[in-house]
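# Tertiary structure, described
Chain by chain, the residues run as shown.
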Amino acid sequence: MTAVTAASVPRLPRGVRLERDSARGIWLLLAPERIFELDQMAVAVIDEVDGISSIAAITRRLAQKYAASQARVEAEIIAMIERLVAQRVVDLQESA
Amino acid sequence: MSMQPELAQREPASRGPAYRPWGLLAELTHRCPLACPYCSNPLALVSKNEELDTETWLRVLTEAAALGVRQVHLSGGEPTTRSDIVEITAACRRLGLYSNLITSGVGAARAKLPALAEAGLDHVQLSLQGVNQTQADAVGGLAGSHQAKLAFAADVTACGLPLTLNAVIHRGNIHDTDAMIDFALRLGARRLEVAHTQFYGWALANRAALMPAREDVVTTIRRVQKAQVELKGRLAIDLVVPDYFARYPKACCGGWGRRLISVTPAGKVLPCHAAETIPGLTFFSCWERSLAEIWASPAFEAFRGTDWMQEPCRSCDRKEWDFGGCRCQAFALTGDAAATDPACSFSPEHARISALATQESTSAPPPYIPRRAAKDVVSA
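Residues numbered from 1 in each chain as written. Chains lettered and ligands numbered in written order. Predicted model: local features only at pLDDT ≥ 70, side-chain atom pairs only at ≥ 80, totals over all residues. Heavy atoms only, no water.

In this section: the overall build of chain B. Each helix and strand counted, chain B has 14 helices and 9 strands in total. Taking 21 Å as the expected radius of gyration for a compact globule of 380 residues, we find that chain B reaches 20 Å, a close match to that expectation. Reported as C-alpha extents along the three principal axes, the dimensions of chain B are approximately 55 × 50 × 50 Å. A buried classification covers 56% of the 380 residues belonging to chain B. (Helix = DSSP H or I, 4+ residues; strand = E, 2+ residues; numbered from the N terminus. Rg over C-alpha atoms; globule rule 2.2 N^0.38 Å. Buried < 20%, exposed > 50% of the residue type's maximum accessible area, 1.4 Å probe, protein only.)

Residue and element names in this part refer to chain B. Scanning the model with the defined rule gives 0 disulfides over all chains in all. Among the cysteines around C252, which has no disulfide bond, C326 carries the closest sulfur, lying 3.7 Å off. The class of C252 is buried, set by a relative accessible area of 17%. (Disulfide = S-S within 2.5 Å.)

So, on to the environment of P279 of chain B. The topology assignment puts P279 of chain B in the loop between β9 (269-270) and α10 (291-295). Along the sequence, P279 of chain B and C328 of chain B sit 49 residues apart, while their C-alpha atoms lie 10.0 Å from each other.

Let's shift gears to the packing of helix α2 (residues 55-65) of chain A against helix α3 (residues 70-86) of chain A. Residue and element names in this part refer to chain A. Between α2 and α3, whose axes approach to 9 Å, the crossing angle comes to 130°. In terms of axis orientation, α2 runs oblique to α3. The hand of the α2/α3 crossing is right-handed. On α3, the residues touching I55, I58, T59, R60, L62 and A63 of α2 are Q70, V73, E74, I77, I78 and I81. The residue inventory of the contact of α2 with α3, partitioned by class, reads 8 nonpolar, 2 polar and 2 charged. (Axes fitted to C-alpha atoms, helices over the stretch in contact; angles between N-to-C directions. Parallel < 35°, antiparallel > 145°, perpendicular 65-115°, else oblique. Left-handed = near helix turned anticlockwise from the far one by under 90°. Contact = heavy atoms within 4.5 Å. Nonpolar A, V, L, I, M, F, W, Y, C, P; charged D, E, K, R; others polar.)

All names here are of chain A. An order of β2-β3-β4 is seen for the 3 strands of this open sheet, with the pairing classed as antiparallel. Each edge of the sheet is formed by a strand with only one pairing partner; in this case those strands are β2 (17-21) and β4 (34-38). For this sheet the average axis-to-axis angle between neighbouring strands, irrespective of direction, equals 30°. The pairing of strand β3 (residues 26-31) with β4 spans 5 bridges and is antiparallel. When the bridges of β4 are listed, L29 appears paired with F36. Strands in contact with helix α1 (residues 40-48) are β2, β3 and β4; relative to β4, the strand with the most contacts, it is inclined by about 115°. (Pairing = 2+ DSSP bridges.)

Before going further, it helps to examine the pairing of β3 of chain A. All names here are of chain A. The element β3 is largely enclosed, with a buried count of 5 among its 6 residues. Here β2 pairs with β3 via 5 bridges, running antiparallel. Bridge assignment links E19 to a residue of β3, and that residue is L28. Counting the residues in the hairpin turn of β2 and β3 gives 4 residues, including G25, whose phi is positive at 70°. Two successive antiparallel strands, β3 and β4, enclose a turn made up of 2 residues, where E33 displays a positive phi of approximately 60°.

Here it is, written out as structure tokens:
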């Protein structure tokens, strides 16, 4: 599996989408044969996944927004994206 | 910051006893160009003139969304046989429902694919009958079906839709799992389901012809597990183990009446598509009641939760994980739908069905009983 690094640019492929579940009051990532329940911070990450921003860029924005340490935020985003890439729910493209 | 674990097989306890379904299995039709011997449809198939009309399916989808359903599995039979498949798919998108087309890729599937993609189809799950033309056409019972399927798969990936291949494993193809994996990679599939035959409907009637040998099952599982690691990030592989050889039963449907609601082509609303095989339960039709009423009806309550369980399930610490296995299989193999699924090693019947599987898999295979339309059903 391609390593997920700060330079990786994640992208949601067709067939994966974020939806608000109003009946249950939660956010879901709907994917082929899978439903992921997202907490508030995971929603914030997925919201930033646009196929253009690198994980480093997403980290900067979220660390600032939530006044959290960059290192911690980056490690957690990488872990989360790694898990989704392994299941082919998120695609990666290396930024130039 | 953390991503919650993927929704487990069960609803978190904190949400209370009011279960809500996540998935709707919409069995749009039993009509199908193929005649696979492991078809999970019931022996008595619904004919075209008994099928629900478009208006009723649209109402069912609307009610399903309100009840909490997020994913709709458009299945059959071959769902693209329905003349309103595009309209039904568009309705899913409009209602915020994730649509999954479960198709053979033959018949009308390829011609309708562009319109389905345009209507907002989210995902295609394509069945695989074999890795070469001779094998695939023999299992599906239709000459040319394999070529049609390949062309369909290429169109799916070309239009950017995610593709999952579903390969049903049985004694006739259990040595081909490596070739299936290569095949999935060549076709550009994101996911592959290596699904050992589950014995319901036509598959139960053909069990002796389909049952693989235990040593082949063990070898296959090992090879697939190795490929899961090697192909991480390229191909996601789901493995469904053959439960006659398992130690613990499958958490069938994520528990009766907990996660899934199934509607037959004629409009019967069921906790799982095989539930009508259990006698003594009254299943209502979506003609006469709303999905919400039926979700709360006695047949859905019958095996919901854990109060209905007997020993050894009742005191088992796995009861909230696998719910005692499958109710339909418990009934089919023991005559008691509330018994522990004999696939479980704690079941007093486990040794008997394990021996049965060994005996069937080591005897010469009988010919397949091909799946037939309603008129000429075999008595099995």
